Amino acid sequence: MKKIGIHELFAKDKTEAEKKLYGASANRRGFLKKSAIVAMGTMLGAKVVFGKSYPSGLIPAGLADSENLFSIPGKHPGLVILNDRPINAETPPFLLDDKITPSDKLFVRNNGIPPQENSIDINSWTLTIEGESAKQSKTYTIADLKSKFKNYTYQLTLECGGNGRSEFNPPAKGNQWSTGAVGCPEWTGVRLKDVLNDVGVKSDAVYVGYYGKDTHLSGDAEKVVISRGVPMEKALKDESLIAWAMNGEDIPLLNGHPLRLVFGGYPASCSGKWLHKIVIRNKVHDGPKMTGQSYRVPCKPVAPGTKVPNEEMCIIEAMPVKSLITFPKTGASIKKSQKLPIRGHAWTSDAEIKEVHYSIDFGATWQLCQLETAANMNAWQHFNANISFPESGYYEVWAKATDSNGKSQPMLLPGWNPRGYLNNACHRIAIKVS
Ligand SMILES: Nc1nc2c(c(=O)[nH]1)N[C@H]1C(S)=C(S)[C@@H](COP(=O)(O)O)O[C@H]1N2
Ligand SMILES: [Mo]
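A.B. asks: Mind showing me how you'd approach the pairing of strand S25 (residues 393-403) here?
C.D. replies: Each regular strand shows side chains that alternate between the opposite faces of the sheet. Judged by how many residues are buried, S25 sits mostly within the fold: eleven of eleven residues are covered. Bridge count between strand S21 (residues 353-359) and S25: six bridges; the pairing is antiparallel. Looking across to S25, one finds that Val356 is bridged to Ala401. Bridge analysis of S25 against strand S26 (residues 427-433) gives seven bridges, and the strand direction is antiparallel. Its bridge partner being in S26, Tyr395 is matched across the sheet by Ile431.

A.B. asks: What is the right way to read the sheet that holds strand S10 (residues 207-212) from this model?
C.D. replies: Note on sheets: strands pair through backbone hydrogen bonds, and any given pair is parallel or antiparallel. What the five strands build is an open sheet, ordered S5-S4-S15-S10-S11; its pairing is mixed. Because the sheet does not close on itself, it has two edges, and the strands there are strand S5 (138-141) and strand S11 (229-231). Between one strand axis and the next, the sheet turns through 15 degrees on average, direction left out of account. Sheet analysis places strand S4 (residues 126-130) next to S5, joined by four bridges and oriented antiparallel. Looking at the pairing, Ile129 lines up with Lys138 of S5.

A.B. asks: Explain the layout of surface pockets to me, please; I cannot follow it from the model alone.
C.D. replies: Where empty space is left can be seen by rolling a probe of water-molecule size over the atoms. Of the volumes computed, that of the second largest pocket is approximately 480 Å³. Val297, Ala318, Pro320, Leu422 and Asn424 are the residues nearest the centre of the second largest pocket, which is lined by 23 residues in total. Here the lining of the second largest pocket is composed, by residue class, of 13 nonpolar, seven polar and three charged. When residues of the lining of the second largest pocket are assigned to domains, at least three fall in each of domain 2 (117-315) and domain 3 (322-433).

A.B. asks: Where do I start with the pattern of salt bridges in this structure?
C.D. replies: Any two side chains of opposite charge can pair, so long as their charged atoms come close to each other. Overall, the coordinates contain 15 salt bridges when judged by the stated rule. A salt bridge links Lys283 to Asp286; the nearest nitrogen and oxygen atoms lie 3.1 Å apart. A single network of salt bridges, built from pairs that share partners, joins Glu132, Arg281, Lys283 and Asp286.

A.B. asks: Can you walk me through the pairing of S26 in this structure?
C.D. replies: Within S26, six of the seven residues are buried, which leaves it mostly tucked inside the rest of the structure. When strand S19 (residues 332-334) meets S26, the two strands line up parallel, connected through three bridges. Across the sheet, residue Ile334 finds its bridge partner in S26, namely Val433.

A.B. asks: Sorry, what's going on with the sheet that holds strand S3 (residues 108-109) here?
C.D. replies: If you trace the three strands from one edge of the open sheet to the other, you get S1-S2-S3, paired in antiparallel fashion. Whereas interior strands pair on both sides, the edge strands pair on one side only; in this sheet they are strand S1 (80-84) and S3. Here S1 pairs with strand S2 (residues 87-90) via four bridges, running antiparallel. Across the sheet, residue Val80 finds its bridge partner in S2, namely Glu90.

A.B. asks: Whenever I open this one, helix H5 (residues 192-199) confuses me. Can you help?
C.D. replies: At 3.6 residues per turn, the α-helix brings residues three or four places apart onto the same side. Leu192, Val195, Leu196 and Val199 are the residues of H5 that are buried. The buried residues of H5 occupy one face: seen down the axis, they fall within an arc of 100 degrees. Immediately beyond the C-terminal end of H5, within one or two residues, lies Gly200, with a positive phi of roughly 100 degrees.

So, how was this worked out
Residues numbered from 1 in each chain as written. Chains lettered and ligands numbered in written order. Predicted model: local features only at pLDDT ≥ 70, side-chain atom pairs only at ≥ 80, totals over all residues. Heavy atoms only, no water. Buried < 20%, exposed > 50% of the residue type's maximum accessible area, 1.4 Å probe, protein only. Helix = DSSP H or I, 4+ residues; strand = E, 2+ residues; numbered from the N terminus. Pairing = 2+ DSSP bridges. Axes fitted to C-alpha atoms, helices over the stretch in contact; angles between N-to-C directions. 1 Å grid on protein atoms, 1.4 Å probe; cavity = no way out; pocket = protein on both sides within 12 Å on 5 of 7 lines; lining within 4 Å. Points joined across faces, edges and corners; volume = space filled by probe spheres on them. Nonpolar A, V, L, I, M, F, W, Y, C, P; charged D, E, K, R; others polar. Domains from an automatic or database assignment. Salt bridge = Lys/Arg side-chain N within 4 Å of Asp/Glu carboxyl O. Arc of directions from axis to C-beta.

Here's what the structure looks like:
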């Protein structure tokens with residue numbers, strides 16, 4: 001086999017490097033034959049120490065890193081742009097190392113075109129609450145919200161339901177998010193429940209839905225881009241916010257300035273940006289991207305590639321338990337005499353993370369990480385560990401979180417679903433010990 005350089009190993013276009021590695025035997029998505037693992041050590045420039053336990057068919061994390069050359073105004077240049085119309089950009093794991101995600105590092109997921117910055121007047125922006133299950137219709141300015149209701153600040157995890165989609169096979173259409181459609185900034189606003197109670201909620205209310213001021217890609221001003229929502233139970237939680245600030249400043253335009261909903265632990269698609277209307281519904285909200293196959297998974301598990309009829313698709317509510325190793329960056333090298341410090345975050349929905357484990361032998365054994373408590377419900381929790389390696393070679397560090405419901409992450413992909421949602425497989429980084 002041919003030798004390839006480290007820059008090719010970590011090249012953005014993995015295909016060329018893979019071709020050199022595995023010749024015609026590797027397909028485009030990089031799934032490889034178990035026999036290739038033996039030769040892998042040479043290619044990675046070090047022996048794969050626990051190679052015997054290496055999961056069949058998986059490409060090494062040492063081949064899977066990429067870097068970006070473009071940037072979005074107001075966002076860190078390291079964000080990886082997946083689409084520019086609408087703008088969709090994700091944050092590589094090593095840029096998510098901060099305990100509180102800085103505003104320039106929060107991912108962007110737009111379904112349409114955001115309102116023009118110069119068209120937004122904070123003083124005249126209003127939020128209207130109405131709907132079949134609202135006792136009245138009421139409109140508030142942002143100043144009303146700020147002064148009429150108690151203000152709260154919470155650190156809340158936002159994760160796109162499609163985060164991790166790029167791993168599904170057969171592949172799903174849509175943004176090919178790897179791990180970076182997640183972040184946990186601090187949000188300031190008022191409790192949605194305080195505002196709903198001020199309007200008055202009828203006893204038959206089951207759902208709230210949002211409307212934002214972005215415009216449809218088609219240019220049709222009447223067409224709603226996206227209008228999703230959450231069940232009443234989630235809407236009435238203390239941490240469910242109508243927010244105007246992120247990390248103590250105005251929310252960045254692309255993340256919903258001047259007003260948005262924030263529901264930590266639910267698919268981020270529920271957290272409506274550029275918020276100007278909330279409807280209290282007497283049935284499950286049925287706005288665009290709430291019905292059909294959008295943000296839904298098969299109610300019962302299906303075999304990969306199955307076509308699932310709409311009636312057998314269920315709305316995604318709570319997001320699954322997950323974790324991310326944010327330090328070091330994948331591909332790091334250390335000396336055998338050194339211990340490797342690792343750090344990261346773990347999160348779940350409306351529950352606590354109880355334990356995070358790491359493995360350096362592809363899951364044969366697991367060791368406990370140190371774990372911090374959450375700033376509040378639905379904030380991610382930080383973990384760290386100090387790892388020694390038994391000999392020189394190529395390793396992968398895998399992390400696995402377990403929550404207070406006893407749920408933990410699958411090592412590889414969870415159940416396949418047509419739209420590629422809810423991939424909470426263990427995150428892994430490549431480490432070279434010399
Ligand atoms: N008005 C509006 N709200 C929206 C969206 C949108 O396109 N328009 N995208 C949703 C989706 S799918 C996600 S994942 C989150 C992304 O939030 P962020 O861009 O602030 O990270 O916003 C949600 N809220
Ligand atoms: Mo999303």
